[in-house]
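# Tertiary structure, described
Chain residues, written in single-letter form:
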Amino acid sequence: MRLVSTLAAVALLTAAPAFAALAPGAKAPDFTTRGAIAGKVFTVHLAEQLKKGPVVLYFFPAAYTGGCNAEAHAFAEAIPAFTKAGATVIGMSADNVETLSKFSAEKCAGKFAVASAGPKVVAGYDVALGKQVLGRNVTKRTSYVIGKDGRVAFVHDNMNPTDHVTTTLAAVENLNRR
């Protein structure tokens, strides 16, 4: 029975694409929350991050799950390219800060911040999955590229973690060509 539940959860986390409510051109909701980088907890304020340049805000279902671990690793490996393009990467999930603090050090290799998305942030970005998986609240896997002007420049909304890094990096590089 446990194997069936686990397989159902994996199927749900790798399901077909969903549709994000925030379309390119929409104003990205500002927020302040707690996050961590390399295991150190700090306050994350989107408006402050945008002063530095574009932000890749990627929502992931839950720390320490297969797809989320792989996605975090892929983003960590690509951080030099995002930095070269002038972008900040922030991972977001409904996990608590204690879990994300460990995840930031272990799975993100301390290379970028992950932050806790509370109900207001989850609703503002329309990333609620609508059910619990393995007893946890989870978000959809949705990546937003937010321009320095605070507007959504690109959205990749797909539960499969495979293309989130490459598509968001291409979108950031496209912003630089404008």
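Throughout this description, residue numbers start from 1 for each chain and increase along the sequence as written. Given that the model is predicted, a residue must reach a pLDDT of at least 70 before its local features are reported, and side-chain atom pairs must reach 80 or more before they are shown or counted; all residues, however, enter totals for whole chains, interfaces and linings. Note that the side-chain values use all heavy atoms of the structure and ignore hydrogens as well as water.

Our next topic: the pairing of strand S4 (residues 88-93). Whether a residue is buried, partly exposed or exposed follows from its accessible area with a 1.4 Å probe, protein chains only, as a fraction of its type maximum: under 20%, in between, or over 50%, in that order. Each helix corresponds to a stretch of at least 4 residues labelled H or I by DSSP, and each strand to a stretch of at least 2 residues labelled E; elements are numbered beginning at the N terminus. Within S4, six of the six residues are buried, leaving the element largely enclosed by the surrounding structure. The side-chain alternation of S4 yields two buried faces, one formed by Thr88, Ile90 and Met92 and the other by Val89, Gly91 and Ser93. In short, DSSP must find at least two bridges between two strands for them to pair. The sheet contact formed by strand S3 (residues 55-59) and S4 spans five bridges and is parallel. By the bridge assignment for S4, Leu57 is matched with Ile90.

One non-glycine residue, Ala38, adopts positive backbone phi at about 55°. Not every positive phi belongs to a glycine, and Tyr64 is a case in point at roughly 65°. Locating Tyr64 in the fold gives a position in the loop between S3 and helix H3 (66-84).

Examined against the element boundaries, Ser116 turns out to sit in strand S5 (residues 113-116). Any two residues having at least one pair of non-hydrogen atoms within 4.5 Å are treated as being in contact. Leave out the neighbours within four places in its chain, and Ser116 touches Thr33, Arg34, Met92, Ser93, Ala94, Asp95, Asn96, Val97 and Leu100.

In this section: the confidence of the model for the chain. Averaged over the chain, the pLDDT score is 88; the fraction of residues at 70 or greater is 87%. The quantity known as pLDDT measures the predictor's confidence residue by residue, on a range of 0 to 100. A low-confidence stretch, residues 1-18 stays under pLDDT 50, and its non-local contacts, those more than four residues away or across chains, total 20 contacts.

To continue, consider the packing of aromatic side chains. Pairing of aromatic side chains requires ring centres within 6.5 Å, counting the rings of Phe and Tyr and the six-membered ring of Trp. Pairs whose planes differ by under 30 degrees are stacked, by over 60 edge-to-face, and all others tilted. Under the defined criterion, the tally for this structure stands at 11 aromatic pairs. Ring centres of Phe59 and Tyr125 lie 5.4 Å apart, and the angle between their planes is 40°; on these two criteria the pair is classed as tilted. With Phe59 in strand S3 and Tyr125 in the loop between helix H5 (119-124) and strand S6 (128-133), this residue pair connects regions lying 66 residues apart in the sequence. Here the aromatic residues Tyr58, Phe60, Tyr64, Phe75, Phe82, Phe103 and Phe112 are joined through ring pairs into a cluster of three or more.

Residues enter a nonpolar core if they are buried and are Ala, Val, Leu, Ile, Met, Phe, Trp, Tyr or Cys, with the set joined through side-chain atoms within 4.5 Å. Core analysis: the largest hydrophobic core is formed by 25 residues, its most contacted members being Phe60, Phe75, Phe82, Val89 and Phe112. With seven residues, the single largest contributor to this core is H3. Once residues lying within four places of it in the same chain are set aside, the contact partners of Phe82 are Val56, Phe75, Ala87, Val89, Val165, Thr168, Leu169 and Val172. By size, the runner-up hydrophobic cluster in this structure holds 20 residues, among which are Ala28, Phe31, Phe59 and Val127.

Before going further, it helps to examine the sheet that holds strand S9 (residues 152-157). The strand order S2-S1-S5-S4-S3-S8-S9 describes an open sheet built from seven strands, whose pairing is mixed. Lying at the two open borders of the sheet, with one neighbouring strand each, are strand S2 (40-45) and S9. For this sheet, the mean inter-axis angle between neighbouring strands, taken without regard to orientation, is 25°. Where strand S1 (residues 32-37) meets S2, six bridges bridge the pair, whose relative direction is antiparallel. Each residue of the ladder has a partner; that of Thr33, found in S2, is Val44. Every angle, taken between N-to-C directions, lies between 0 and 180 degrees, and every axis is a line fitted to C-alpha atoms, over only the stretch in contact when it is a helix. Along the sheet, H3 makes contact with S3, S4 and strand S8 (142-146), crossing S3 at roughly 175°.

Within the secondary structure layout, His164 lies in helix H6 (residues 164-177). We call two N or O atoms a polar contact when they sit within 3.5 Å, provided that within protein one can donate a hydrogen and the other can accept it, with sequence-adjacent residues counted only if both atoms are side-chain atoms. One polar contact links the side chain of His164 to the main-chain carbonyl oxygen of Asn158, over a distance of 2.8 Å. Look past the residues within four positions of His164 in its chain and what remains in contact with it is Glu71, Phe75, Arg141, Thr142, Ser143, His156 and Asn158.

With respect to burial, S8 is a largely interior element, five of its five residues being buried. Going residue by residue along S8, you find Thr142, Tyr144 and Ile146 tucked away on one face and Ser143 and Val145 tucked away on the opposite face as well. Where S3 and S8 come together, five bridges link them in antiparallel fashion. Bridging across to S8, Val55 finds its partner in Ile146. Both S8 and S9 contribute to a ladder of five bridges, which runs antiparallel. For Ser143, the partnering residue across the bridge sits in S9 and is His156. The antiparallel pairing of S8 with S9 creates a hairpin that spans five residues between the two strands, and Gly150 there sits at a positive phi of about 85°.

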